[in-house]
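# A closer look at the structure
The lines below spell out each chain.
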Amino acid sequence: ILNVEQSPQSLHVQEGDSTNFTCSFPSSNFYALHWYRWETAKSPEALFVMTLNGDEKKKGRISATLNTKEGYSYLYIKGSQPEDSATYLCAHWVGGTSYGKLTFGQGTILTVHP
Amino acid sequence: SQTIHQWPATLVQPVGSPLSLECTVEGTSNPNLYWYRQAAGRGLQLLFYSVGIGQISSEVPQNLSASRPQDRQFILSSKKLLLSDSGFYLCAWTRPATGELFFGEGSRLTVL
């Protein structure tokens with residue numbers, strides 16, 4: 001994998017459903033993997049910054065896992081709510097310096113129907 | 001606390017006209033600053049980043065340029081806009097310890 005790839009591109013679920021998305025990234029020269037949530041008419045906001053293989057992060061009903069050896073991360077949302085509707089972006093941080101660059105995936109657009 | 005602002009929020013410009021988008025950060029010193037663009041149907045693309053005054057790195061060849069005249073000011077410019085410059089532009093700064101990006105409100109540019 002040369003770029004950051006996310007799947008699916010879009011997802012429609014019903015309120016209360018649990019869902020998950022995938023982010024694939026180059027496993028070489030890994031430094032960090034970020035997840036952002038981008039709501040309509042707002043700016044992207046960071047959900048998680050993950051650096052270690054096997055990392056698991058949780059924030060409320062949202063959690064993420066990281067596998068740096070195989071180059072993937074999963075984002076899980078438990079009991080989706082309409083306010084979870086947003087575009088979820090993952091980004092791969094290359095380089096170990098403070099001015100490393102983030103390469104973003106295309107995003108997964110989540111729509112939660114009441 | 002740190003804040004980031006960019007303006008204008010919306011811009012409609014004819015092809016061939018100049019562009020200036022401005023971004024300022026408050027509450028931090030010597031931030032790393034970034035300009036990203038989201039074109040229609042695409043992900044966020046890094047255009048420029050800066051680690052200090054007058055230091056600009058370009059990621060994508062294009063007719064855009066960036067400048068950092070002051071520590072907390074980052075400007076995106078063009079002398080002559082192209083149709084392909086249309087998109088949503090985001091300025092951001094990073095917290096060095098984590099690399100987490102903090103984004104401005106964004107500027108939507110439509111080139112006609």
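Residues numbered from 1 in each chain as written. Chains lettered and ligands numbered in written order. Predicted model: local features only at pLDDT ≥ 70, side-chain atom pairs only at ≥ 80, totals over all residues. Heavy atoms only, no water.

## Structural notes on the state of the cysteines
One pass over the structure, following the stated rule, counts two disulfides over all chains. Between C23 of chain A and C90 of chain A runs a disulfide, and the two sulfur atoms are separated by 1.9 Å. Residues C23 of chain A and C90 of chain A are joined through a disulfide that is right-handed, its torsion about the S-S bond being 75 degrees. With a gap of 67 residues between them, C23 of chain A in strand β3 (residues 19-24) and C90 of chain A in strand β9 (residues 86-94) connect regions that are remote in the sequence. Judged by relative accessible area, which is 0%, C23 of chain A ranks as buried. Judged by relative accessible area, which is 0%, C90 of chain A ranks as buried. Bridging C23 of chain B to C91 of chain B, the disulfide has an S-S length of 2.0 Å. Sign of the S-S torsion, about -75 degrees for the bond between C23 of chain B and C91 of chain B, identifies this disulfide as left-handed. Of this pair, C23 of chain B sits in strand β3 (residues 19-26) while C91 of chain B sits in strand β9 (residues 87-94), placing them 68 residues apart in sequence. (Disulfide = S-S within 2.5 Å. Helix = DSSP H or I, 4+ residues; strand = E, 2+ residues; numbered from the N terminus. Buried < 20%, exposed > 50% of the residue type's maximum accessible area, 1.4 Å probe, protein only.)

## Points about the packing of aromatic side chains
For the structure on display, the rule yields 14 aromatic pairs over all chains. With a centroid separation of 5.9 Å and 35 degrees between ring planes, the pair formed by W38 of chain A and F88 of chain B is classed as tilted. With W38 of chain A in strand β4 (residues 30-38) and F88 of chain B in strand β9, the pair connects residues from two separate chains. Residue class for W38 of chain A comes out buried when judged on its relative accessible area of 10%. Taking the relative accessible area as the measure of exposure, F88 of chain B reaches 10% and is therefore buried. Ring plane angle 40 degrees and centroid distance 5.0 Å describe the contact between Y72 of chain A and Y74 of chain A, whose orientation is recorded as tilted. What makes Y72 of chain A partly exposed here is its relative accessible area of 24%. On the basis of relative accessible area, Y74 of chain A is assigned to the partly exposed category, the value being 29%. Counting every residue linked through ring pairs, the aromatic cluster contains Y36 and F104 of chain A together with Y34, Y36, Y49 and F103 of chain B. (Phe/Tyr/Trp six-rings, centres within 6.5 Å; stacked < 30°, edge-to-face > 60°.)

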